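Spelled out, the chains give:
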Amino acid sequence: MKEDPSLFETLLYRLVAARVAILFIFHAVVFAAAYAFSYLLRFEFAIPPEFLATFKSSLLVVVGLQLLVGVFFGFYRGWWRYVGMGDVVRLVFGLSTAAMLLVGLWYVGAIFGIHERFVRSPRGVIMIDWAFSLLALFGTRVLIRLGRDRFRPQEMPELHKRVLIVGAGDAGETLAREIEHRPQLGMKVVGFVDDHRAKWGAHIRGIKVTGPISSIGPIADSAGADEVLLAIPSASGSRLREIIRRVSEADLTFKTIPGIDHFVSGKVHVSQLRPVNIEDLMRRKRIELPGDPVRQLFKGKRVLVTGAGGTVGSELSSQILHFEPENLVLIERSEYALYEVRKRLGRELPWASSRISCNLLDVCDRAVMEGLVEREKPQIVVHAAAHKHVPLGEENPEEYVRNNTLATRSFAEICAKHGADRFVFISTDKAINPTSVMGASKRAAEMLLLDVARECDMKVTIVRFGNVIGSSGSVIPLFMEQIEAGGPVTVTHPEVTRYFIRTSEAISLVLQAATLGNDGQIFMLDMGEPVKIVDLARDLIRLSNHTVDEIPITFTGLRQGEKLFEEIRMSGESVHATMHPQIVITAAPQPDSPEIQRWFHQLVRACDESGSVRPVLNSLIPEYPAETPAGPLERPLVNPTLAPAGAIPTA
């Protein structure tokens, strides 16, 4: 039995009906007035008697037809206080349709038995009537919108934060419009700042555009601005760093909208404003391969990810799940990390929860791993599990080799045995000319995997990249903790340089590299420009709205195993272009299989004998020192930046 509507619902329905009725009557009056004025204007305010009779006879027909068309084109719905281009389009198309129908009746009315005095108004009158109706209806809507925007009561204007918008483009205009329409935000836009000289002196929504951005300090002082909103979603990381430096020097707080590659809807909203984070400073243009090959690779497949609870593993799991695999098997040995990744995936993709299998396992346990692979029969395996902290690796070399090297070889053999189609291994730029146990263990794993690839049908792909921004145990979370504690921020060396990449970008490139790989190839991701760690520390201090005077930076000296500079390629390693401009193939000399096998057995024994791991690693990787160096090794950069693949000659 249907319930009776509540008193509130009944009242609401009546109010809506009354509003529609009022709008209908208003439009009828406007149409009638416009039609009468059109006659007066057409005959210079002296209507001949014969046409006056036609006007009186046709008035109801014309107004009635226009009102009927207005129903179909939605003239009587919508709130005029929010008038926009959609309302203009509806008015133009609706009134044009009515005019065309009236002109059509002028010619064919007699065929349908309609007397000419009802439909034979001068055609010039119909055109003038179209123009006046459009002007009157649109003008009324605009006046109401302007009245709402300009004359609304301002409560406590002294509390409004005066803001400058950097970027006088579409994003900046949208931001200004939304701030103007939402006084509850407590903001007032007092100016736009842009480097485009042609825009200087122009006005956007009545707000003046000035520049350049390098003069934002004096501009903010003259405008009395309290805060800066960065509305340049297409700006590169280096450009954003320069702007933030200028804003910080002017002692202004700032917020930003996300980079263009973070937009989901493609639209800018005030709700997207947030503090600038370090990922914003590493923005680069996102490049996708044509034809969406990543989706084709993973859609409907059984996929397994190890190290799924880590920064890289959880992002891998999230992106892969978007490509709709048949099922996704997650392996992680940290209970808390596994719980967190499951929670994240459930929040982001609730529809895919039934496709996820969470397994609390250690990749070093061969028997358990083989049982899992035999049961799940994955088609694609992404191996991200690894120990990665360089100083800890120097103190625990046997554990790092056992986990990063031996377990990787063992796991790849298991996957090949049980019919996996593709094995993707996440390596590191520290495997290039390694000076640490961590880097050497990864380089050794690469060599062992290439040996496995020679002996099986499974396609093996190795992907190297540098530091992931904000990953657990990395320098950025450490710096943030030190800043929150009031400093000092500790940097190992004033010249130490590293490559950084955003997590989402790194994983996107890893998955695209997986589609490019044939078998037994090592891919290197374009890491962009190297960043001095001390500059990174200064950026983080600025982003926290502090200065280096408030949060000092101290230098502690490089630790064992650390390089002053990270390197892009090894000596004697050739580089080949791929179809993706941010991914290249590197090819290092590979020992023959008998030597690899002999060395592998030595390494297995060395993991049970304290102090034997480094010499065995050195026997296969000559560039890695057999003994712990007295101090950190400082090598010159072999290739400071990785040029786009198309610019690198094929060796």
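What counts, and at which threshold
Residues numbered from 1 in each chain as written. Predicted model: local features only at pLDDT ≥ 70, side-chain atom pairs only at ≥ 80, totals over all residues. Heavy atoms only, no water. Helix = DSSP H or I, 4+ residues; strand = E, 2+ residues; numbered from the N terminus. Buried < 20%, exposed > 50% of the residue type's maximum accessible area, 1.4 Å probe, protein only. Contact = heavy atoms within 4.5 Å. Arc of directions from axis to C-beta. Salt bridge = Lys/Arg side-chain N within 4 Å of Asp/Glu carboxyl O. Lys, Arg positive; Asp, Glu negative; His and termini not counted. Polar contact = N/O pair within 3.5 Å; in protein donor to acceptor, adjacent residues only side chain to side chain. Axes fitted to C-alpha atoms, helices over the stretch in contact; angles between N-to-C directions. Parallel < 35°, antiparallel > 145°, perpendicular 65-115°, else oblique. Left-handed = near helix turned anticlockwise from the far one by under 90°. Nonpolar A, V, L, I, M, F, W, Y, C, P; charged D, E, K, R; others polar. Core = buried A, V, L, I, M, F, W, Y, C linked by side-chain atoms within 4.5 Å. Pairing = 2+ DSSP bridges. pLDDT = per-residue confidence, 0-100. Right-handed = clockwise from strand over helix to strand, strands pointing away.

## Observations regarding the overall build of the protein chain
Along its length, the protein chain carries 20 helices and 21 strands. Burial analysis of the protein chain (651 residues in total) assigns 49% to the buried set. When contacts within the protein chain are restricted to residue pairs at least 6 apart in sequence, those whose partners lie at least 24 apart make up 77%.

## Re helix 7 (residues 216–223)
Helical periodicity: at 3.6 residues per turn, an α-helix aligns residues three or four positions apart in one direction. By the burial criterion, the buried members of helix 7 are Ile216, Gly217, Ile219, Ala220 and Ala223. Taken around the axis of helix 7, the buried residues stretch over an arc of 165°, which confines them to a single face. For helix 7, the exposed residues set more than 90 degrees away from the buried face come down to Pro218, Asp221 and Ser222. For helix 7, the elements touching its buried residues are strand 1 (161–166), strand 2 (187–193), strand 4 (207–210), strand 5 (227–230) and helix 8 (237–249). Of the residues trailing helix 7, Gly224 is marked for its positive phi of about 70°.

## Quick look at the pattern of salt bridges
Pairing between side chains becomes possible if they bear opposite charge and their charged atoms approach one another. Summed over all chains, the structure comprises 24 salt bridges. Among the ionic pairs, Glu227 bridges to Lys161, the shortest N-O distance being 3.9 Å. Placement of the pair is Glu227 in strand 5 and Lys161 in strand 1, with a sequence separation of 66 residues. Relative accessible area serves as the criterion here: at 34%, Lys161 is assigned to the partly exposed category. Where Asp451 meets Arg454, a salt bridge forms, and the shortest distance between an N and an O atom there is 2.9 Å. Taken together, the residues span about one helical turn, with Asp451 and Arg454 both in helix 15 (residues 437–455) at a distance of 3 residues. What emerges from the salt-bridge pattern is a single network uniting Arg366, Arg409, Glu413, Asp451 and Arg454.

## Let's talk about the side chain of Glu332
Considering the arrangement of structural elements, one finds Glu332 in strand 8 (residues 327–332). Among buried charged residues, Glu332 stands out as having no salt bridge; its nearest opposite-charge side chain is Arg333, 6.2 Å away. Among the polar contacts made by the side chain of Glu332, one reaches the main-chain amide nitrogen of Ser334 at a distance of 3.0 Å. In contact with Glu332, other than residues within four places in its own chain, are Gly307, Ala308, Gly309, Gly310, Ala337, Leu338, Asn359, Leu360 and Leu361.

## Digging into the packing of helix 14 (residues 397–417) against helix 15
Here helix 14 crosses helix 15 at 15°, and the two axes come no closer than 9 Å. When the interaxial angle is binned, helix 14 and helix 15 end up roughly parallel. With respect to the hand of their crossing, helix 14 and helix 15 are arranged in right-handed fashion. On the side of helix 14, the interface is formed by Pro397, Tyr400, Val401, Asn404, Thr405, Thr408, Arg409, Ala412 and Glu413, while helix 15 contributes Val437, Met438, Ser441, Ala444, Ala445, Leu448, Leu449, Asp451 and Val452. Each residue belonging to the contact of helix 14 with helix 15 can be placed in one class, and the counts come to 11 nonpolar, 4 polar and 3 charged.

## Focus on the nonpolar core
A general feature of soluble globular proteins is that nonpolar side chains tend to end up buried together. Within the largest apolar cluster, 46 residues are counted, with the highest numbers of intra-cluster contacts made by Phe298, Val305, Leu316, Leu330 and Phe465. The biggest single contributor to this core is helix 17 (residues 503–516), with 8 residues. Filtering out sequence-adjacent residues up to four positions away, Leu330 remains in contact with Val305, Ala308, Ser317, Leu338, Val341, Leu345, Ile356, Ser357, Cys358 and Asn359. Ranked by size, the runner-up nonpolar core spans 27 residues in total, among them Cys415, Phe425, Ala453 and Met458.

## Topic: the sheet that holds strand 4
Two orientations exist for strands paired in a sheet by backbone hydrogen bonds: parallel and antiparallel. The mixed open sheet is built from 6 strands, whose spatial order is 3-4-2-1-5-6. Only two strands of the sheet have a single neighbouring strand rather than two, namely strand 3 (203–204) and strand 6 (253–256). Of the pairings in the sheet, the one linking strand 1 to strand 2 comprises 6 bridges and is parallel in character. Note that in strand 2 the partner of Leu164 across the bridge is Gly191.

## A short note on the side chain of Ser317
Topologically, Ser317 is positioned in helix 10 (residues 311–322). When residues no more than four places from it in sequence are discounted, the contact partners of Ser317 are Val305, Ala308, Leu328, Leu330 and Leu345.

## Considerations on the confidence of the model for the protein chain
In this model, the protein chain carries an average pLDDT of 78, and 79% of its residues clear a pLDDT of 70 or more. Averaged pLDDT values over the elements of the protein chain bottom out at 65 in helix 4 (residues 116–119) and peak at 95 in strand 7 (residues 302–306). Note on residues 260–266: pLDDT under 50 across the span, and 10 contacts to partners over four residues away in sequence or across chains.

## Re the pairing of strand 1
Once you follow strand 1 into helix 6 (residues 170–181) and on to strand 2, the crossover reads as right-handed. Both strand 1 and strand 5 contribute to a ladder of 4 bridges, which runs parallel. Residue pairing for strand 5: Ile165 is matched across the bridge by Leu229.

## Here we look at unusual backbone geometry
Cis geometry marks the peptide bond from Gly211 to Pro212, where omega comes out at 0°. Within the chain, Lys377 stands out as a residue other than glycine whose phi angle is a positive 50°. Within the secondary structure, Lys377 sits in the loop between helix 12 (366–376) and strand 10 (380–383). Positive phi, close to 45°, is recorded for Asn433, a residue that is not glycine. Among the structural elements, Asn433 can be located in the loop between strand 11 (422–426) and helix 15. Using a relative accessible area of 6% as the deciding quantity, one classes Asn433 as buried.

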